[in-house]
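Structural overview for review
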Amino acid sequence: EGNKTHHDCACSLRAAELREAPTLNFQLSKCVKTKRSNMSSVSYHISNLLDKMTSTDKDFRFMATNDLMLELQKDSIKLDEDSERKVVSMLLKLLEDKNGEVQNLAVKCLAPLVSKVKEPQVETMVDTLCLNMTSDKEQLRDISSMGLKTVIAELPLSSSGLPLTASVCKKITSQLIGAMGKQDDVSVQLEALDILSDMLGRLSGALVSFHGSLLSSLLPQLTSSRMAVRKRSILALGHLVPCCSPALFSQLTQHLLTELSKAPPTSMTRTYIQCLATISRQGGHRVGEHLEKLIPMVVKFTGVEDDELREYCFQAFEAFIRRCPKEMSPHVATVTQLCLKFMTFDPNYNYDDNEEEEDSMDIEDGLDEETDDEYSDDDDLSWKVRRSSIKCLEALISTRRDLLLSFYSSVCPALLSRFREREENVRADVFAAFSALLRQTRAGSGSCLMPSACLQVPAIVKALHKQLKEKSIKSRQGCFCLLTELAHTVPGALQEHIPALIPGVIFSLTDRSTTSTMRIDALSFFHVLLLSHPPQVFQPHMQVLLPPVVSCIEDTFYKITSEALLVTQQLIRVMRPQGQTAGGFDPKPFVQQVFSVTMKRLKATDIDQEVKERAISCMGHMVCYLGDHLKTELSDILSIFLERLKNEITRLTAVRTITLVSASPLKIDLSTILPEALSVLGSFLRKNQRALKLGTLACLTALVTHHAASIKPAALEPVLAELPALVDESDMHVSQVSITLLTCMCKACSSSLAKICSSVLPGVFRLVHSPLLQGGALAAILDFLQALVQSKTSNLGFSQLMKSLTEPFHSPQSCVDGGALHRQSYHSVARCVAALCSAAPKETAATVAGLIQQIKNTGSPESARVLALLSLGEVGRSGSLGGSKEVQGVILEAFSSTSEEVKTASSCALGSMAVGSLNDYLPFMLKEISAQPRRQYLLLHSLKEVISACPGSSLSPHVESIWALLFQNCECPEEGTRNLVAECLGKLTLVNPAQLLPRLKQQLKAGDFLKTLQDNDINVRRVALVMFNSAAHNKPSLIRGLLGTVLPHLYRETQIRKDLIREVEMGPFKHTVDDGLDVRKAAFECMYTLLDSCLDGLDVLQFLDHVEEGLKDHYDIRMLTFLMLARLASLCPAAVLQRLDRLVEPLRATCTTKVKAGSVKQEFEKQEELRRSAMRAVAALLAVPEVERSPSMADFANQIRSNADMASIYQSVQGDPANGAMQK
């Protein structure tokens, strides 16, 4: 019966399948038919549009072409072969349409069409467009030229599309070379050169085979009688040089040198020098090897009496300086002298050198300007020479930070003297150059340059303060930018000159002809001035300063209002600085003036977001600093703050403002808004916005600290309900701030806290047992536990808290929440035990007795004994143990334990106890170190803790005995012990450096650190490098002067030495051991540190040579060099571009290497991490502008794009691939 049932079921299922089969077949055939019908409907639609394009009505043609363009822009559209041919044919025909708008639309259609049609159709388009380029009809030539540019812009760069791109480029190039030869028609030549520049700019890599013929065609164009042809030829050559071969580049440079040496006419010389500047800008470092011949030639031509030629000469110098800073070093002095000579070159104008006369003519400024304008002669081009020489100086300042000190004595006075330059544009460049000098001073090793900058301040102010009242907007903007830079570079330096600067600031804020940008610049400078100088400097000028700023708050342009509110905020602090005594400046006359305009902006809801936020902040500062002058208005202000707190757009600013107001020394009464504000703030603790959460916790802490008396217990409930969830290791900072708030509540509102103790404490204990707990979060927990015990609010007393903290350590498995206890949690709990004992002194004796009993009890778990030892040490750190003999005995007994963990804990405990009772424990410890060689390592750990934690004054009496003991153990055979002794000696020397450092230096047999770098023992060299690395990281100023001597030794240690590589037999296998690896790693680590601390002292090209070697070295070294390469790409892109071709191959090798199939899992993981690290370096390189002009880099970038595996790694390291450089 069962079999029959089974058979019936099977039959019915089969029948159902047969019934469904026709349906499935029908759906499949329907899908295929739909696709066909879609294709046919598209073809039909396109066919209709093509018919309309032949209409005699221009509107029909226009609409049809527009519809076609919209269709082609759709990603989903697919054309069959016939439609492709018809569309291409029609669009090419429409290029000759009589209507210009139709022609323009037809050109726009070509862009999407390139990616939609097959290669033959693209070639047809290109052939026709090139043919039209040589047409007699000018309009057809122009429209075809636009068409070719459109096609070039759309040609694919991906490896799959490269054959098409290369094929099309060859077609276009051969046609363009022919068109350039048409000497009879200049317009054809110009269009051909224009298209060629576009193509070389985007697709130079695809035209490598044509580079030679292009160069041969372009060079004759430099002698064309038409200036426009020459200029476009120079542009095309500029696009050619980044990708051409070194031989071609040398050919081009040699051609220019040869032509220049023939002393051609001045107009031709201009062209050649201009070409030189362009190829230097574009070809960068390649010019470096030719500079020795080029510089004398260019210097010679600066002597020719032709202003434009001199301008091009200085542009060439600027390009040389920016692109080849190292190779230009021998010529810097020559170029600087030329710049200084020609920056004052103004033969047609007599500058009056008498400063006093100039000062006496202040009133006639307006007349002076008019006479300048009358005098200005259109034929006078000397301003171009001055401007180009000043730009050249700016390039020198920006690239040669090592020469800044000499620039302050030579260049700085010259620039200052040019502040009175008559041409507005040149004067702006003078200001820009001086700003660059200040910027470099700030970025460099400022200590030695700051005095030089300070000395210039009076001269700068004297030269600028009158120009701040000139009519010229550009000059005033330049002045403000320069003064802002000065205030940032030398804070406080303008203090004596504030009276001279204030009239200029006020003029720019009140002058009716002043533009919005000018007002914003003036306000921005004023804000920097207020921030960088003491408030008392501005108080005497408040009467004149405030009205113009207040009027700016009422300006209709939101950016001016916003900047003015920021300035007003600082002026409020000037009126009553923190800590000012009662007899100081009286702000009362100004309060109402500021309040009325700020209140108007605060109430407005239909204003810009930035203005809203700054109005809230400004009013907050007013309430905080001047609230006692606003008694009647306070309730209105606070109610508006409450409204802004409820608004999602302004809530964060409102939270920060309420925090400021609540901590005001004026003790502002907030009782009217407190209940509702606390409820709203409580709801913010649930939000995902981290900044809002942290701001809210800070605000609540301030409210509880300063306004606890006004807070009713019920008002705190919305906050209390949210706090337990915030105490979690997933965000340590939020946890820390939350626990700080709980501590404040403990002290101020203890009854409220009692309600949530049971829910919040488990989270605190979980945090205590977390391996992530340290620093500020741990300190916050210690404060909280102490406050908890002292307030006696918790149902959990001292003993219950102790039990909760230590209980997990007493179970045999020693785990918390299912996971093993981390070593860090032992130290955290020990600190908590000590904190509880200090908060409850009466419980200390019993606690110590319990801990000693725990240590003695060999039957208790190891974790409990370790915790007891550490806790005993932390309790002893406070000095509450005294010199108990029992404790000493317990510690010594623990030293003999079989457990390494117990021995280490006893070492830490002894050190901590000695910190608390130095006289009781230190002699005992020193005696034990001498008497017990077996325990020496542990006891030295204890001694290190004592030296690290004790103040120098306490240690001083014991220094000699410790010093002698350490030197006795310097030659211990155990390396670990020697390293510990070294640490102790270093820390002890810091107790009295003046006395001990010379003695430590005497003990170095070499006597000189530099000699240790040349020691025969590789380990001595390694440790010397570690020491150098530490100095470079912590005290870079100590080693900057030594770099010239140290770097050769450092670089020598980066090289692989074959004599240090040996083979070791391990059973049937042979294993290679590299004894030089550790010292190489130390050397590369030094190099990495020097990048951050001493970049200006490095020869980056030499540095890159060693980075290049590191890219082929061991795994650890390669990881370091990938990081270095990424840093260098952002810090010194020009130098990296010079070495790019040599850097690409090691990167490619790493990215393409695969691990052998039978390798262990660790090998796969290491290789994967190497590839990711290499790809980060590649991403950094691709972010450098113009990097893909290097053929090898462009090829590698294409390889990454086309390889799915490499592309996915690249995208993962990029974060957002859509924004990456690979998407170009």
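Everything numeric here is computed off the predicted structure, so don't read it as measured data. (Residues numbered from 1 in each chain as written. Predicted model: local features only at pLDDT ≥ 70, side-chain atom pairs only at ≥ 80, totals over all residues. Heavy atoms only, no water.)

Overview of the overall build of the protein chain
Here is the rule: The helix and strand labels rest on DSSP assignments: H or I over at least four residues marks a helix, E over at least two residues marks a strand, and numbering proceeds from the N terminus. Each residue's exposure class comes from its accessible area (1.4 Å probe, protein chains only) as a fraction of the maximum for that residue type: buried when under 20%, exposed when over 50%, partly exposed otherwise. Residue contacts follow a heavy-atom distance rule, with two residues in contact if any of their heavy atoms lie within 4.5 Å. Residue burial considers only the protein chains on display, and all accessible areas are found by Shrake-Rupley using a 1.4 Å probe.
Regarding its fold elements, the protein chain presents 61 helices and 4 strands. The burial tally for the protein chain puts 51% of its 1224 residues in the buried class. Residue pairs in contact within the protein chain that sit at least 24 positions apart in sequence constitute 72% of those at least 6 positions apart. For the protein chain, the computed accessible surface area is about 56,500 Å², with 52% contributed by carbon and sulfur atoms.

Here we look at the packing of aromatic side chains
We apply this condition: In this analysis, rings of Phe, Tyr and Trp, with Trp reduced to its six-membered ring, are considered paired at centre separations within 6.5 Å, and the interplanar angle assigns stacked below 30 degrees, edge-to-face beyond 60, and tilted for intermediate values. Two conditions define a charge sitting above a ring: the NZ of Lys or the CZ of Arg must be within 6 Å of the ring centre, and it must be within 35 degrees of the ring normal.
Scanning all chains against the criterion turns up 9 aromatic pairs. Ring centres of Phe 557 and Tyr 558 lie 5.5 Å apart, and the angle between their planes is 75°; this geometry places the pair in the edge-to-face category. Feature note: the residues Phe 314, Phe 317, Phe 342 and Phe 345 constitute an aromatic cluster, connected by ring pairs. When the ring centre of Phe 345 is taken as reference, the NZ or CZ atom of Arg 310 above it lies at 4.9 Å. Seen from the ring of Tyr 1115, Lys 1166 lies directly overhead, with NZ or CZ sitting 4.9 Å from the centre.

Quick notes on the nonpolar core
Rule in force here: Within this scheme, the nonpolar core is defined by two criteria: the residues are buried Ala, Val, Leu, Ile, Met, Phe, Trp, Tyr or Cys, and they are joined through side-chain atoms within 4.5 Å.
The biggest cluster of nonpolar side chains holds 331 residues, and the ones touching the most others in it are Ile 172, Phe 320, Phe 526, Leu 645 and Leu 943. Here Leu 645 is in contact with Arg 651, Ala 654, Val 655, Ile 658, Ala 677, Val 680, Leu 681 and Phe 684, once residues within four sequence places are set aside. Within the second largest apolar cluster, 66 residues are counted, among which are Tyr 1051, Cys 1086, Cys 1094 and Leu 1120.

Here we look at the UniProt feature "repeat: HEAT" (unreviewed entry) in the protein chain
Cut-off, in case you're wondering: UniProt positions are given in the numbering used here, feature names are shortened, and annotations may be inferred rather than shown by experiment.
Sequence positions flagged by UniProt for "repeat: HEAT" (unreviewed entry) are, in local numbering, residues 87–125. Secondary structure over residues 87–125 splits into 77% helix and 0% strand, and the C-alpha atoms at its two ends are 11 Å apart.

Let's talk about the pattern of salt bridges
Rule in force here: Salt bridges are defined as contacts in which a side-chain nitrogen from Lys or Arg sits within 4 Å of a carboxyl oxygen from Asp or Glu.
Following the criterion strictly, the structure yields 43 salt bridges and no others. Across the pair Lys 86 and Asp 82 runs a salt bridge whose closest N-O atoms are separated by 3.1 Å. Of the two residues, Lys 86 and Asp 82 both sit in helix 3 (residues 81–94), 4 residues apart, roughly one turn of that helix. In this structure Lys 86 comes out as partly exposed when scored by relative accessible area, which is 43%. Relative accessible area serves as the criterion here: at 34%, Asp 82 is assigned to the partly exposed category. Within this structure, Asp 346, Arg 386, Arg 418, Glu 421 and Arg 422 form a network of salt bridges that share partners.

A short note on the confidence of the model for the protein chain
Rule in force here: Residue-level confidence of the predictor, termed pLDDT, takes values from 0 up to 100.
Taken over all residues, the pLDDT of the protein chain has a mean of 81, while the share at 70 or more is 89%. For residues 13–37, every residue scores under 50 in pLDDT, and the model assigns this stretch 0 contacts once sequence neighbours within four places are set aside. Across residues 1216–1224, confidence stays below pLDDT 50; counting only partners more than four residues off in sequence or on other chains, it has 20 contacts.

Some thoughts on the environment of Leu 630
Locating Leu 630 in the fold gives a position in the loop between helix 28 (609–626) and helix 29 (634–646). Spatially, the C-alpha atom of Leu 630 lies 8.6 Å from that of Gln 592, the residues being 38 residues apart in sequence. Among residues more than four places away in sequence, those in contact with Leu 630 are Val 591, Phe 595, Met 622, Val 623 and Ile 637.

Quick word on the packing of helix 30 (residues 651–662) against helix 32 (residues 690–707)
The geometry of a pair of packed helices is captured by two quantities: the angle between their axes and the separation between those axes. Basically, it comes down to this: Lines fitted to the C-alpha atoms define the axes, with helices restricted to the stretch that makes contact. Angles between their N-to-C directions range from 0 to 180 degrees. Any angle that falls under 35 degrees is termed roughly parallel, while one over 145 is termed roughly antiparallel, one within 65 to 115 roughly perpendicular, and all others oblique. For any pair of crossing helices, the crossing counts as left-handed if the nearer helix is rotated counterclockwise from the farther one by less than a right angle, and right-handed if it is rotated clockwise. When residues are sorted by character, Ala, Val, Leu, Ile, Met, Phe, Trp, Tyr, Cys and Pro go into the nonpolar class, Asp, Glu, Lys and Arg into the charged class, and all the rest, Gly among them, into the polar class.
Interhelical geometry of helix 30 versus helix 32 gives an angle of 25° and a closest axis separation of 9 Å. What the angle tells us is that helix 30 and helix 32 run roughly parallel. The interaxial crossing formed by helix 30 with helix 32 has left-handed handedness. Across from Arg 651, Leu 652, Val 655, Arg 656, Ile 658, Thr 659 and Ser 662 in helix 30, the residues of helix 32 making contact are Ala 691, Leu 692, Gly 695, Thr 696, Ala 698, Cys 699, Ala 702, Leu 703, His 706 and His 707. Here the contact of helix 30 with helix 32 is composed, by residue class, of 9 nonpolar, 6 polar and 2 charged.

Thoughts on the pairing of strand 4 (residues 1069–1074)
Threshold: By definition, two strands form a pair when at least two bridges between them are found by DSSP.
Relative to strand 4, strand 3 (residues 1061–1066) runs antiparallel, the two sharing 6 bridges. Along strand 4, the bridge assignment pairs Arg 1062 with Val 1073.

Observations concerning the packing of helix 11 (residues 246–261) against helix 12 (residues 266–283)
Axis separation between helix 11 and helix 12 bottoms out at 10 Å; the angle between their running directions is 155°. Considering the angle they form, helix 11 stands roughly antiparallel to helix 12. As helix 11 runs across helix 12, the sense of the crossing is left-handed. On the side of helix 11, the interface is formed by Phe 249, Leu 252, Thr 253, Leu 256, Glu 259 and Leu 260, while helix 12 contributes Thr 269, Tyr 272, Ile 273, Cys 275, Leu 276, Ile 279 and Gly 283.

Some words on unusual backbone geometry
Among all residues save glycine, negative phi is the norm, and among peptide bonds the norm is trans. The backbone phi angle of Ala 263 is positive, close to 50°, even though this residue is not glycine. Mapped onto the secondary structure, Ala 263 falls in the loop between helix 11 and helix 12. In this structure, Lys 667 takes a positive phi of about 50° despite not being glycine. The topology assignment puts Lys 667 in the loop between helix 30 and helix 31 (674–684).

Describing helix 3
Note the following rule: Expected helix span is computed as 1.5 Å times (number of residues minus one).
Between its terminal C-alpha atoms helix 3 stretches 20 Å, which fits the 20 Å expected from 14 residues at 1.5 Å a residue. The set of residues buried in helix 3 consists of Ser 83, Glu 84, Val 87, Val 88, Met 90, Leu 91, Leu 92 and Leu 94.

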